[in-house]
Amino acid sequence: MDGAIKGALFERGLLSENQARAGAELAARVVADGFETVRVLFADQHGILRGKTITARTLGSALAAGLSVPSTLILKDTAHRTVFDVWKNGLTLDGVSLSGAGDLLLVPDPGTFTPLPWSPHSAVILCDLAYRSGQRVSVSSRGVLRRAMDGLARTGHDAVMGLEVEFQVFSVSDDGLAHDQATMPPAALTTRNTTQGWAFLTETRYGAVEPLMDELRRAAEAMGLAPRSMEIEMGPSQFEFTFDASDPMVQADRFVLFRMMVKEICQRQGLHASFMPKPRVANAVANGWHIHQSLVSRETGHNVFTPGEDGTPTLEAGAWIAGLLDHAPATCLLTNPTINGYKRFSAFQLAPNRVQWGTDNRGAMLRALFQPGDPAARIENRVADTAANPYYALAGQILSGLDGLNRGATPPPPTLTPYAEDQTHLPATLEAAVHAFEASPLYAQTLGEDFVRYLAHLKRAEWARYLSTVSEWEQAEYFNLF
């Protein structure tokens, strides 16, 4: 252990020897390189980065012993409201009492240290979560994905994922900082477009926003996020970035860092970046996240989805497709975790609303890209949206596909009519997705009953708050009539 940080995290088995050694090197380098602050963050249950900013000289202490944060951070809904009763005796998770809002530990992963190009005196480091006893928190985002990846590895395979993210950038006409706008959640910003839209992949549209796209690209490259393309999407003010294929943990880390980077750079320019699935803005279109996925043999390093000369899906590809289809309704709570996300599911809009697969069919939930002999053969799941917690979403893909693989499942024939009425519908609301998630034995078996109860409780609280709010539709429909 010479040259390694010897502290509580290593002694409790929360850091490997290699991580402890890397932590010691990092702690020395951060100060020498002139960093002033480090943002010590974890992706919460919604995929939102939370944590503390510390002075660079104290990073060694955080790497050795962790950093305390209130346990209420994992008990909040999307309005930042604590929706579990922390003052009630008997509130537990993983057999550990959370009553009284005690502390959890952030466990920094030295390998995720990332300088921030727009804030060159600062950097971010991503963390896992543990209880003060050293027991890991089962709902911790990175831990959930890691368990899914480990289960797949035991079959002799690793997943390769592709990242394709849509979002909007608007200019801000009202910053929402008036005293009466400081509600919970805060008042939505008032915005204007940055592009008029409806000019998909049109060069002049890209030229109009090239300075912004360049700044986002350069920051993504400097952070090691490996962007591949920057595109003008269909809708007004809508853009898309794609990234190099990589392993699921790398992609999930990239997703949360990219989302943070885009929002913070835009905010500094008086702009508002939104990854909301379907913004309530005139003429706005929905934002999707298409998850490209394939399997690589650990023994040969080859893509086991690559078909032969006839283009027929391999047994592994077919089984993976069948698993994704079988568990699609339950997995929607992981890929589409907000009330708003289900308003994106609409026919003939290149977003799926049925459970099916097709060969290079952009209306299908699963778009199979299987060219004979193609080493990049893959499945594109088009169901997810950009408000997803990427760790939970990718874990859901792996666990669903793995179940199909373990069963040797066979998919139905591919569809040519992805919006046909005789095909199984995806959940139409968040409430329906919660029911499907709870009814499925897959996630209780693989991630634990505590995880199922925990996530269902969070989302039911969100749904109940939505139902209790008088909408503009209700006001227009009934106020004058009755």
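Residues numbered from 1 in each chain as written. Predicted model: local features only at pLDDT ≥ 70, side-chain atom pairs only at ≥ 80, totals over all residues. Heavy atoms only, no water.

Draft legend 1. Geometry of helix 8 (residues 315–326). Helix length check: helix 8, at twelve residues, gives a terminal C-alpha distance of 16 Å against a target of 16 Å (1.5 Å per residue), a fit within 8%. Counting buried positions along helix 8 yields nine of twelve residues, so the element is predominantly enclosed. For helix 8, the set of buried residues is Ala317, Gly318, Ala319, Trp320, Ile321, Ala322, Gly323, Leu324 and Leu325. (Helix = DSSP H or I, 4+ residues; strand = E, 2+ residues; numbered from the N terminus. Expected span 1.5 Å × (residues − 1). Buried < 20%, exposed > 50% of the residue type's maximum accessible area, 1.4 Å probe, protein only.)

Draft legend 2. Focus on a nonpolar patch on the surface. Residues Trp198, Phe200, Leu201 and Met234 make up a contiguous nonpolar surface patch of about 420 Å² in total accessible area. In this fold, Phe200 is placed in the loop between strand 10 (190–193) and helix 5 (203–208). (Patch = residues over 30% accessible without salt bridge, like charges linked within 9 Å, V, L, I, M, F, W, Y side chains within 5 Å. Areas by Shrake-Rupley, 256 points an atom, 1.4 Å probe, with all protein chains shown as cover. Salt bridge = Lys/Arg side-chain N within 4 Å of Asp/Glu carboxyl O.)

Draft legend 3. Spatial organisation of the environment of Ile379. Mapped onto the elements, Ile379 comes out in strand 17 (residues 378–381). Look at Ile379 and you get buried, because its relative accessible area is 1%. A sequence separation of 231 residues divides Ile379 from Ala148, and the C-alpha atoms of the two residues are 18 Å apart. In contact with Ile379, not counting residues within four places along its chain, are Ile291, His292, Gln293, Phe305, Ala317, Trp320, Ile321, Leu324, Leu366, Arg367 and Phe370. (Contact = heavy atoms within 4.5 Å.)

Draft legend 4. Structural view of the nonpolar core. Core analysis: the biggest nonpolar cluster contains 131 residues, and Ile74, Phe258, Met261, Trp289 and Tyr454 have the highest contact counts within it. It is helix 7 (residues 248–268) that contributes the most residues to this core, eleven residues altogether. Sequence-distant contacts of Met261, defined by excluding residues within four places in its chain, comprise Trp118, Leu216, Ala219, Ala220 and Met223. Residues Leu9, Leu14, Leu15 and Val107 belong to the second largest nonpolar core, which totals five residues. (Core = buried A, V, L, I, M, F, W, Y, C linked by side-chain atoms within 4.5 Å.)

Draft legend 5. Region of the structure containing the packing of helix 9 (residues 328–335) against helix 10 (residues 390–407). With their axes 8 Å apart at the nearest point, helix 9 and helix 10 run at an angle of 160° to one another. As far as their axial angle goes, helix 10 and helix 9 are roughly antiparallel. When helix 9 is examined against helix 10, the residues Thr331, Leu334 and Thr335 are found in contact with a partner set consisting of Tyr392, Ala393, Gly396, Gln397 and Ser400. (Axes fitted to C-alpha atoms, helices over the stretch in contact; angles between N-to-C directions. Parallel < 35°, antiparallel > 145°, perpendicular 65-115°, else oblique.)

It is worth stressing that arrangement in space is one thing and function is another; only the former is reported here.
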